[in-house]
Amino acid sequence: MKLEIYPNHEEQSQAAALLMWEAVHQKPDAVITLATGDSPKRAYQLFIEKVLGNGTDTSQLFFTGLDEWVDVSPDNPGSCHYFLHEHLFQPLKLSSAQYHLFSSDSSKADSVCAQMNQVLASRGGIDLMVVGVGVNGHIGFNEPGASLDKEAHVADLEPITLQIGQKYFDGKTAIRQGLTLGLKQVMAAKALLVLANGEKKATIIHKALQGEIGPEVPVSLVRQHNQGIVMLDEAAAALLKN
Ligand code: F6R
């Protein structure tokens, strides 16, 4: 695992955008899995600027979502669907054949998960996965104690995740569970980029990078990933020793 600490969120986002751009430049048919949320938002903007500014060919790229809120409609601005369309797919003018997202309908969850697994397997797995970090150490919706053996599945979410999750929605929204790629897929990604910024992430980053490695703090597993890269700003790195 590689650890990179930047003076601020902007510089961290520039580095993340460059890494993403290099990945697509080197492999124009890369399969990229993306988290949503505040941590990667600026990096995605900068990535798009780079792609458009360099005239990078995006016609063969393929994206998947990392997760989705169960039973939250895709036209809800707080959904992962909405975020990825607004922040990536539309600005890049991708065709609908170039991405696959979790459909949030709980009544179809088994087939939605099976389909996600099948799409990823048929494309030879994930070349680059970009993730954020929950204050409880989650990756995607793999909460503390998640199974290392699971692929896409429905996860019960911890109260803290449900509480913080409200920040993505315009009004109070009923969220209960998440659909997520599993830790097996996280660890199998050919490269794993973990982004965390801000003081609120400092405690969990300290635990993840300098505590025990294991599914109790899912993001700690990045330390066992051969191509794991953790990019932090100084505030998120503040409690790290040495
Ligand atoms: C969202 C996701 C979550 C977030 C995490 C951090 O798609 O996968 O695991 O990455 O909760 O959220 P932010 O970046 O908003 O602090």
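Preceding block: the structure.
Every chain is numbered independently, its residues counted from 1 as its sequence is written. Reporting of local features is limited, given that this is a predicted model, to residues whose pLDDT is at least 70; pairs of side-chain atoms are given and counted only at 80 or more, and all residues count toward the totals for whole chains, interfaces and linings. Remark: hydrogens and water are excluded; side-chain values derive from all non-hydrogen atoms of the structure.

## Describing the pattern of salt bridges
Put simply, a salt bridge is a Lys or Arg side-chain nitrogen that is within 4 Å of an Asp or Glu carboxyl oxygen. Tallied over the entire structure, the rule returns eight salt bridges. Taking the shortest distance from any N to any O, the salt bridge between Lys190 and Asp127 comes out at 3.5 Å. Of this pair, Lys190 sits in the loop between helix 6 (183-188) and strand 9 (192-196) while Asp127 is found in the loop between helix 4 (109-122) and strand 6 (128-131), placing the two residues 63 residues apart along the sequence. By relative accessible area, Lys190 is classed as partly exposed at 43%. Here the salt bridges do not stand alone but share partners, grouping Lys27, Asp29, Asp127 and Lys190 into one network. Numbering of helices and strands starts at the N terminus; helices are DSSP runs of H or I of at least 4 residues and strands are runs of E of at least 2. For every residue, the accessible area obtained with a 1.4 Å probe (protein chains only) is divided by the maximum for its type, and the residue is called buried under 20%, exposed over 50%, and partly exposed between those limits.

## Some remarks on a nonpolar patch on the surface
Two distance rules govern patches: like charges are joined within 9 Å, and nonpolar side chains (Val, Leu, Ile, Met, Phe, Trp, Tyr) within 5 Å, applied only to residues with over 30% relative accessible area and no salt bridge. Computed by Shrake-Rupley with a 1.4 Å probe, the accessible areas treat only the displayed protein chains as cover when residues are assessed. Judged by side-chain polarity, Met1, Leu3 and Ile5 come together as a nonpolar surface patch covering roughly 240 Å² of accessible area. We classify Leu3 as partly exposed; its relative accessible area is 36%.

## As for unusual backbone geometry
Of note, the phi angle at Asp71 is positive, near 65 degrees, even though the residue is not glycine. Relative to the elements of secondary structure, Asp71 occurs in the loop between strand 4 (67-69) and helix 3 (80-89). Positioned with a positive phi, Asn242 is a non-glycine residue whose angle comes to about 55 degrees. Tracing the sequence through the fold places Asn242 in the segment after strand 10 (228-233).

## A word on the nonpolar core
Within the largest apolar cluster, 40 residues are counted, with the highest numbers of intra-cluster contacts made by Phe102, Met129, Leu181, Val194 and Leu232. Among the elements of the structure, helix 4, strand 6, helix 6, strand 9, helix 7 (202-210) and strand 10 are those that each provide at least two residues to this core. With six residues, helix 4 is the single largest residue contributor to this core. Throughout, nonpolar core names a set of buried Ala, Val, Leu, Ile, Met, Phe, Trp, Tyr and Cys residues whose side chains join them through atoms within 4.5 Å. With 34 residues, the next largest nonpolar core counts Ala16, Leu101, Ala191 and Leu193 among its residues.

## Regarding the site of the ligand
Near the ligand lie 15 residues; those nearest to it are Ser39, Asp67, His138, Tyr168 and Lys201. Nitrogen and oxygen atoms within 3.5 Å of one another constitute a polar contact, given that in protein one can donate a hydrogen and the other can accept it, and given that sequence-neighbouring residues count only through two side-chain atoms. Separating an oxygen atom of the ligand from a side-chain N or O atom of Lys167 is a distance of 2.8 Å. With respect to the ligand, the side chain of Tyr168 contributes an N or O atom lying 2.5 Å from an oxygen atom. Out of a free accessible area of 410 Å², the ligand has 93% covered by protein chains. In terms of residue class, the shell around the ligand is made up of four nonpolar, seven polar and four charged. Note on terminology: near, applied to a residue and a molecule or strand, indicates that one of the residue's heavy atoms is within 4 Å of it. Lys, Arg, Asp and Glu make up the charged group, whereas Ala, Val, Leu, Ile, Met, Phe, Trp, Tyr, Cys and Pro make up the nonpolar group; the residues left over, Gly among them, are polar.

## Side note on the sheet that holds strand 4
Two strands make a pair as long as DSSP finds a minimum of two bridges between them. Pairing is antiparallel across the open sheet formed by three strands, whose spatial order is 4-8-7. The open sheet has two free edges, formed respectively by strand 4 and strand 7 (153-156), since each of these has just one partner strand. If you compare each strand with its neighbour and ignore which way they point, the axes differ by 30 degrees on average. Both strand 7 and strand 8 (residues 177-180) contribute to a ladder of four bridges, which runs antiparallel. Residue pairing for strand 8: His153 is matched across the bridge by Thr180. Throughout, an axis means a line fitted to C-alpha atoms (over the contacting stretch in the case of helices), and angles, computed between N-to-C directions, take values from 0 to 180 degrees.

## Describing the pairing of strand 3 (residues 62-65)
Neither face of strand 3 is exposed, since Phe62 and Thr64 on one face and Phe63 and Gly65 on the opposite face are all buried. By the bridge criterion, four bridges tie strand 2 (residues 31-34) to strand 3 in an arrangement that is parallel. What sits directly across from Val31, in strand 3, is Phe62. Seen with its strands pointing away from the viewer, a crossover is right-handed if its path from the first strand over the helix to the second goes clockwise. Once the chain exits strand 2 it traverses helix 2 (residues 38-54) before rejoining the sheet at strand 3, and the crossover so formed is right-handed. The pairing of strand 3 with strand 5 (residues 99-100) spans two bridges and is classified as parallel. Bridge pairing links Thr64 to His100 in strand 5.

## Comments concerning the state of the cysteines
Cysteine sulfur atoms are paired as a disulfide whenever they fall within 2.5 Å. According to the stated counting rule, one finds zero disulfides in the structure shown. A disulfide-free cysteine, Cys80 has its sulfur positioned 13 Å from the sulfur of Cys113, the nearest such atom. When its relative accessible area of 6% is taken as the criterion, Cys113 is described as buried.

## Things to note about the side chain of Thr33
With respect to the helices, strands and loops of the structure, Thr33 is situated in strand 2. At 2.8 Å, the side chain of Thr33 forms a polar contact with the side chain of Thr64.

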